[in-house]
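Descriptive analysis of the structure
Each chain is listed here by its residues.
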Amino acid sequence: MIEKRPFSELGRFQNDWLNAHYHFSFSNWYDPNRMGWGSLRVWNDDEIAPQTGFPPHPHRDMEIITYVRKGAVTHQDSLGNQGRTEAGDVQVMSAGSGIRHAEYNVEPETTTLFQIWIEPSTSGGQPGWGAKPFPKDDRANAFSVLASGLGDEGALPIRADARVLGATLQAGQELTYEAQAGRHLYLVAATGEVEVGDVTLGPRDGAAIKDEAKLSIRARQDAEIVMVDCA
């Protein structure tokens, strides 16, 4: 089963500094048929204007992965962590028993990113934060595991039965992904156009996938894709 979620049909929020599109119910946008996909709860496609951002606010019991597509985001939190995550890099925050953080775009250009929330396997625990570069050349025509709670070497750790993967594909290239039975996959084309099975995704379209033991992904144009595999 592959269900396309066109970018034009996503939830929407816009103010003077944030242009957000929601793959799942979030904030004031509610769709009872899009409350999550397995343990994946949030996938927001955010554009943050220069010199603006999210002021300090709290979270708990959530694994929050930020995939920066353009520009950079600067992080600060109540644990004293500070860092700048730029395009091609990924940051992970395990909210655990509770944390406050702020995410700002201090750059002169608009920052675009995916913010992905995955429910943890257990509640509570010491909160934490980390970031890491994932050069696009290292994931050319192949998946790299960006974040994982399944012991994948080189990935940023999360406390969830899930992994977040990324790949860049040249036009005509094809990937296959084998998923275990009962897993939920959610794939978004950050750029370009791809065929996922018999479904075509354009830029920023998503696909909810289940019961596809061997998933075929073929690039119709040069493309960048991000996918979550979760319980």
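Refer to the structure presented above.
Let me begin by describing the structure that accompanies this report. For clarity, every value in this text was computed on a predicted model and none was experimentally measured.

Some points on the pairing of strand β11 (residues 111-118)
For β11, the buried fraction is high: 8 of the 8 residues fall into the buried class. Along β11, one buried face is formed by T111, L113, Q115 and W117 and the opposite face, lined by T112, F114, I116 and I118, is buried too. Two elements, strand β4 (residues 40-48) and β11, share 8 bridges in a ladder whose sense is antiparallel. Within β11, the position partnered with L40 by the bridge is I118.

Let's talk about the sheet that holds strand β5 (residues 52-59)
The sheet built from 4 strands is open, its strands ordered β5-β10-β7-β8 with antiparallel pairing. The open sheet has two free edges, formed respectively by β5 and β8 (82-86), since each of these has just one partner strand. Averaged over all neighbouring strand pairs, the angle between strand axes comes to 20°, with direction disregarded. Relative to β8, strand β7 (residues 72-77) runs antiparallel, the two sharing 5 bridges. The partner of Q76 across the bridge, within β8, is Q82.

Notes on the pattern of salt bridges
Enumeration according to the criterion identifies 14 salt bridges in this entry. Here R84 makes a salt bridge to E107, at a shortest N to O gap of 3.0 Å. One end of the pair, R84, is in strand β8; the other, E107, is in the loop between β10 (99-105) and β11, with 23 residues separating them in the sequence. You can call R84 partly exposed: its relative accessible area is 46%. Across the pair K136 and E224 runs a salt bridge, and its minimum N-O distance is 3.2 Å. In this pair, K136 sits in the loop between β12 (128-133) and β13 (144-148) while E224 sits in strand β22 (residues 223-230), placing the two residues 88 residues apart along the sequence. We classify K136 as partly exposed; its relative accessible area is 33%. Connected through shared salt-bridge partners, D45, E47, R69 and R204 make up one network.

As for the nonpolar core
L40, W43, I65, I116, I118 and V164 are the most contacted members of the largest nonpolar core, which has 26 residues in total. Of all elements in the fold, only β4, β6 (63-70), β9 (89-94), β11, β13, β15 (162-169), β17 (184-191) and β22 reach the threshold of two or more residues within this core. Setting aside chain neighbours within four positions, we find V164 in contact with I65, I116, I118, S144, V145, L146, A147, V226, M227 and V228. L175, L185, L187 and M227 belong to the second-largest nonpolar core, a separate cluster that totals 22 residues.

Concerning empty space enclosed by the protein
Within the structure shown, the criterion is met by 2 cavities of 30 Å³ or more. In this structure, the largest cavity spans a volume of roughly 40 Å³. Taken together, I48, F54, T66, V73, Q91, E103, L113 and Q115 make up the full set of residues lining the largest cavity. Grouping the constituent residues of the lining of the largest cavity by class yields 4 nonpolar, 3 polar and 1 charged. Considering only enclosed or pocket space, the second largest cavity measures out at about 30 Å³ in volume. Surrounding the second largest cavity, I64, T66, Q91, M93, H101 and E103 form its lining. Among the secondary structure elements, those contributing two or more residues to the lining of the second largest cavity are β6, β9 and β10. Taken together, the residues that form the lining of the second largest cavity break down as 2 nonpolar, 3 polar and 1 charged.

With respect to the sheet that holds β4
Read across the open sheet, the 7 strands follow the order β2-β3-β4-β11-β6-β9-β12; overall the sheet is antiparallel. With one partner strand each, in any of the chains shown, β2 (11-14) and β12 form the two edges of the open sheet. Taking each pair of neighbouring strands and ignoring which way they run, the sheet shows an average axis angle of 15°. In terms of strand pairing, β6 meets β11 through 7 bridges, oriented antiparallel. Looking at the pairing, T66 lines up with Q115 of β11.

What counts, and where the lines are drawn
- Residues numbered from 1 in each chain as written.
- Predicted model: local features only at pLDDT ≥ 70, side-chain atom pairs only at ≥ 80, totals over all residues.
- Heavy atoms only, no water.
- Buried < 20%, exposed > 50% of the residue type's maximum accessible area, 1.4 Å probe, protein only.
- Helix = DSSP H or I, 4+ residues; strand = E, 2+ residues; numbered from the N terminus.
- Pairing = 2+ DSSP bridges.
- Axes fitted to C-alpha atoms, helices over the stretch in contact; angles between N-to-C directions.
- Salt bridge = Lys/Arg side-chain N within 4 Å of Asp/Glu carboxyl O.
- Core = buried A, V, L, I, M, F, W, Y, C linked by side-chain atoms within 4.5 Å.
- Contact = heavy atoms within 4.5 Å.
- 1 Å grid on protein atoms, 1.4 Å probe; cavity = no way out; pocket = protein on both sides within 12 Å on 5 of 7 lines; lining within 4 Å.
- Points joined across faces, edges and corners; volume = space filled by probe spheres on them.
- Nonpolar A, V, L, I, M, F, W, Y, C, P; charged D, E, K, R; others polar.

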